[in-house]
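Close look at the chain arrangement
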Amino acid sequence: MTDPGTTPPADTPASDALAYDEATVATLEALDETLDELRERDDDVPQWEFCEGFLTAMLCARRQPTQDEWLPLLLGGGAAGPQDLGPFESAGQRTRFLMNWLARETQIRAALDARVETLDDPRSLDPATIDWRGMISAAPAEATDDAPDDEPDPDALPSYAQLWALGFLAAVEAWDDDWAPPRDKEIAADMADALDCIATLADDDRAPPRFNLFDENAPPSVSEQRMNDFGEALWAVYDLHAIGKSLGPRVAPAQSSKVGRNDPCPCGSGKKYKKCCGA
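As a starting point, this report considers the structure included with it. (Residues numbered from 1 in each chain as written. Predicted model: local features only at pLDDT ≥ 70, side-chain atom pairs only at ≥ 80, totals over all residues. Heavy atoms only, no water.)

**Topic: the packing of aromatic side chains**
- Within this structure, the stated rule accounts for 10 aromatic pairs.
- Geometrically, the ring pair formed by Trp48 and Trp101 is edge-to-face, given 5.6 Å between the ring centres and 90° between the ring planes. Note that Trp48 is positioned in helix α2 (residues 48–60) and Trp101 in helix α4 (residues 91–113), a separation of 53 residues in sequence.
- Using a relative accessible area of 3% as the deciding quantity, one classes Trp48 as buried.
- A residue is classified by how much of its surface remains accessible, and Trp101, at 3% relative accessible area, is buried.
- Taking the centre distance of 4.1 Å and the plane angle of 10° together, the rings of Trp70 and Trp101 count as stacked. (Phe/Tyr/Trp six-rings, centres within 6.5 Å; stacked < 30°, edge-to-face > 60°. Helix = DSSP H or I, 4+ residues; strand = E, 2+ residues; numbered from the N terminus. Buried < 20%, exposed > 50% of the residue type's maximum accessible area, 1.4 Å probe, protein only.)

**Re the packing of α2 against helix α8 (residues 224–247)**
- Relative to each other, α2 and α8 sit at 35°, their axes nearing to 8 Å. Listed contacts from α8 to Thr56, Leu59 and Cys60 of α2 are Val237, Leu240, His241 and Gly244.
- Considered class by class, the residues forming the contact of α2 with α8 number 4 nonpolar, 3 polar and no charged. (Axes fitted to C-alpha atoms, helices over the stretch in contact; angles between N-to-C directions. Contact = heavy atoms within 4.5 Å. Nonpolar A, V, L, I, M, F, W, Y, C, P; charged D, E, K, R; others polar.)

**A closer look at empty space enclosed by the protein**
- Overall, the coordinates contain 1 cavity of 30 Å³ or more when judged by the stated rule.
- Its boundaries defined by the atoms lining it, the largest cavity holds a volume of some 50 Å³.
- Lining the largest cavity are Cys60, Ala61, Arg62, Asp178, Trp179, Met191, Leu240, Ile243, Gly244 and Leu247.
- Considering each element in turn, the lining of the largest cavity owes the most residues, 4 residues, to α8.
- Looking at side-chain class alone, the lining of the largest cavity contains 7 nonpolar, 1 polar and 2 charged residues. (1 Å grid on protein atoms, 1.4 Å probe; cavity = no way out; pocket = protein on both sides within 12 Å on 5 of 7 lines; lining within 4 Å. Points joined across faces, edges and corners; volume = space filled by probe spheres on them.)

**As for the pattern of salt bridges**
- Within the structure shown, the criterion is met by 11 salt bridges.
- As a salt-bridge pair, Arg133 and Asp204 come within 2.6 Å of each other at their nearest N and O atoms. Of this pair, Arg133 sits in helix α5 (residues 132–138) while Asp204 sits in the loop between α7 (185–202) and β1 (209–211); the two residues are 71 residues apart in sequence, bridging distant segments of the chain.
- Judged by its relative accessible area of 7%, Arg133 is buried.
- Judged by relative accessible area, Asp204 falls into the partly exposed class, the value being 30%.
- Here the salt bridges do not stand alone but share partners, grouping Arg63, Glu69 and Asp178 into one network. (Salt bridge = Lys/Arg side-chain N within 4 Å of Asp/Glu carboxyl O.)

Structural data, given as structure tokens:
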């Protein structure tokens, strides 16, 4: 087994191993805290990693969904209007979540708009992903026979960046009309290739582990192939963002209001237009 302290492949960020600035850390901690609170009432509330993938996809779409569209879909609880708090316990909790969501959205948008040539660039997209398996394997082993029998099996936990990819693809599926490929075959092929790169991360990582991104001194939990796939997926996000900006929102075909002489008369008489109002 390879030394777990081996450095991940170049040009491949690993959020567990990188230090965010204080503002980003504060934002992510506040979002996690609110999601933990919501999860006490609803076990189906997703982890932030899933939410971040979901948010990233919305920023890459041709049309960004409105809050009334994405919020109940992501967190449940129905629409969260002025009189309906949706999944939130209080107006304060809702405001705190949405303010930090907007802060993280601004950070991700800035990364997507930055012209970077390497993922080592501090301005590049750096998703808040967690090496869940590495975190469990790094936990100190129980030295007594009193260890609980329900300790999580690392292999049963999500692979690195898997939740992020699933969140991204969930947003694509939710607004499939906005992600429909354009008529331009070359652009459509580029979109398909980019989405395939992200879909690869949605699958389990079964390659031999080589790195632990949570603790470099703990047993390895992430394969080299996974890290390479992660880097490819981030470049794919940049491609999708550029395509979405270039295409813009989908526009419905123009419909002529002109009534043909042999069309049914719009007055509802049942006669042809030329023998009724068009006579």
